[in-house]
Amino acid sequence: MSGDRRIEIVRHLSEEDLDRLLSEADDDKIVRRLTFVKNLYEGDILEEAANRVGKSQSTSSRWARRWNEGGLGLLTPNFGAGRPPKLGEDEQEELLELLREGQPWKSQEVQYLLNEEFDVEYHPVYLGKFLKKLGLSRAIPRTKRPSRPENAEEILEEHVGDAFDEDTDEPHNKQDGDDEEGWVVNDDICTDGGTVLGFFDTSQPQPWDNSQRLYYVDDPHITRPLVRHDEPTVGFYALNGESVVSFPENQEKEQICDCLERVREQNPGKRILLVLDNFSSHICPYTRRRAHQLGIDLVFLPVGSPDLNPIEPVWKSLRWEASPLIVESAEEFRALVADLFESLTNRMSFAVSWIENFLAPHIQKLS
């Protein structure tokens, strides 16, 4: 049914009966629907009839369809006191489609949509249960980066599979166009004792990060010394080896390679698979070659996919745990970060889904 043309409306009731029902009705919602039908009786197109009662064209189409199919019984369900009527299966499917098209939604926006499109109201406590039953999730939305490919998970799965491929003699980190020199593992590096897998990333936690809610009797303030931590924090979250945290001066390739050397020092005798993002100093030939010399094979995440790196929730938890603590110097803050990082990276929970999704077929190849 289109809102820009007249439709054939089934006359289940005479105009006299409609007028009588309108005069007897004491519910605004019923009055609005009966008035809508009366306007169609009198020759309004859908758009006109909808505008007269303050409803959208999609609602007017639905009302007209219900009237034609079932008359008053389908058009005016019981809007009396008590619990509002539940939506039928067809209406739930229609609601899901509307929610899918306009997501994400605030709860008050869903309430408005239900009232506007279906003339149904739910108690706020019940609304959450109803939406959960429909299959909706409630979470803080992540910003999707335009550069992220649609098949990011498939790309990462392929990268991990390539890293475990034992049928190639070509250096894993080498790419087309790289110089031929320097792609030899250092003589003093041993990599035949198994494989360590871990996640590498840079963050910049600060002593004044304030992410934890605390209880107060009076004024909710914390007096902090004016301390600033200018250096980046570089972490290696190892699944089956030693995790490492470093505080380089910057994120230039030479500093990043110094961090890789620390990872190697703490994980001797084994090949290292290191999952990381596509930051310029990570992916440049200098870093890729130096990593190979150290016996470290780099597994790059798809572009714009930081959520596929399990070290991200480690940083989030670190900031949360550090937020209420007071430090008096940058040195003290670095010590605090190192202690928290060590404690957090002892947990496998941050990487459980990553292991299930990407590592499961290769897990027997780890040490």
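Given the structure is predicted, the values throughout are model-derived calculations rather than measurements.

Conventions and cut-offs
- Residues numbered from 1 in each chain as written.
- Predicted model: local features only at pLDDT ≥ 70, side-chain atom pairs only at ≥ 80, totals over all residues.
- Heavy atoms only, no water.
- Pairing = 2+ DSSP bridges.
- Helix = DSSP H or I, 4+ residues; strand = E, 2+ residues; numbered from the N terminus.
- Axes fitted to C-alpha atoms, helices over the stretch in contact; angles between N-to-C directions.
- Contact = heavy atoms within 4.5 Å.
- Core = buried A, V, L, I, M, F, W, Y, C linked by side-chain atoms within 4.5 Å.
- Buried < 20%, exposed > 50% of the residue type's maximum accessible area, 1.4 Å probe, protein only.
- Salt bridge = Lys/Arg side-chain N within 4 Å of Asp/Glu carboxyl O.
- Phe/Tyr/Trp six-rings, centres within 6.5 Å; stacked < 30°, edge-to-face > 60°.
- Lys NZ or Arg CZ within 6 Å of the ring centre and 35° of its normal.

(A) Local environment of the sheet that holds strand β3 (residues 244-246). On the basis of which strands lie adjacent, the open sheet formed by five strands has the order β3-β2-β1-β4-β5 and mixed pairing. In this open sheet, the two strands that pair with only one neighbour each are β3 and β5 (296-300). Strand-to-strand twist across the sheet, computed as the mean angle between neighbouring axes with direction ignored, equals 20 degrees. With five bridges connecting them, strand β1 (residues 195-203) and strand β4 (residues 271-276) associate as parallel partners. Pairing of leucine 197 across the sheet is with leucine 273, part of β4. Each of β2 (233-238) and β3 is contacted by helix α14 (residues 330-344), which is oriented at about 20 degrees to β2, the strand it contacts most.

(B) How the structure looks around the nonpolar core. Judged by nonpolar contacts, the single largest core of 34 residues is most densely connected at Leu156, Leu197, Phe199, Trp354 and Leu359. Listing elements by their share of this core, those giving two or more residues are α9 (152-163), β1, β4, α13 (311-322), α14 and α15 (352-359). By residue number, the principal contributor to this core is α14, which donates six residues. With residues up to four places along the chain from it excluded, the contact list for leucine 197 reads Phe164, Tyr237, Ala238, Leu239, Asn240, Leu273, Trp354, Leu359 and Leu366. Within the second largest apolar cluster, 18 residues are counted, among which are Phe200, Ile256, Val263 and Ile272.

(C) Just the pattern of salt bridges, in detail. Scanning the entire structure with this criterion turns up 24 salt bridges. Where arginine 290 meets glutamate 261, a salt bridge forms, and the shortest distance between an N and an O atom there is 3.1 Å. Pair noted here: arginine 290 is in helix α12 (residues 285-293) and glutamate 261 is in helix α10 (residues 253-266), with a separation of 29 residues, a long-range link. Among the ionic contacts, a cluster of salt bridges with common partners joins Arg33, Lys55, Glu116 and Asp119.

(D) Fine view of the packing of aromatic side chains. Counted by the stated rule, this structure contains seven aromatic pairs. With centroids separated by 5.9 Å and ring planes inclined at 45 degrees, the aromatic side chains of phenylalanine 199 and tyrosine 237 adopt a geometry described as tilted. Here tyrosine 237 lies in strand β2 and phenylalanine 199 lies in strand β1, a separation of 38 residues in the sequence. Tyrosine 237 carries the same exposure label as phenylalanine 199, and that label is buried. Through successive ring pairs, a cluster of aromatic residues spans Phe199, Tyr237, Phe350, Trp354 and Phe358. Here the basic side chain of arginine 62 rests over the ring of phenylalanine 118, its NZ or CZ set 4.6 Å away from the ring centre. Looking at lysine 253, its charged tip hangs above the ring of tyrosine 286, at a distance of 5.6 Å from the centre.

(E) Here's a closer look at α12. Turning to α12, its buried residues are Thr287, Arg288, Arg289, Ala291, His292 and Gln293. Elements in contact with the buried residues of α12: α10, α11 (280-283) and β5. Immediately downstream of α12, the backbone of glycine 295 shows phi near 75 degrees, a positive value.

(F) Looking closely at the pairing of β1. Buried residues dominate β1, accounting for nine of its nine residues. The two faces of β1 match: Thr195, Leu197, Phe199, Asp201 and Ser203 on one face and Val196, Gly198, Phe200 and Thr202 on the other face are all buried.

(G) Seen up close, the pairing of β4. In terms of residue burial, β4 counts as a mostly covered element, since six of its six residues are buried. A two-sided burial pattern is seen for β4, the buried positions comprising Arg271, Leu273 and Val275 on one face and Ile272, Leu274 and Leu276 on the other. Pairing analysis gives five bridges linking β4 to β5, with the strands arranged parallel. When the sheet's bridge partners are listed, isoleucine 272 is paired in β5 with isoleucine 296.

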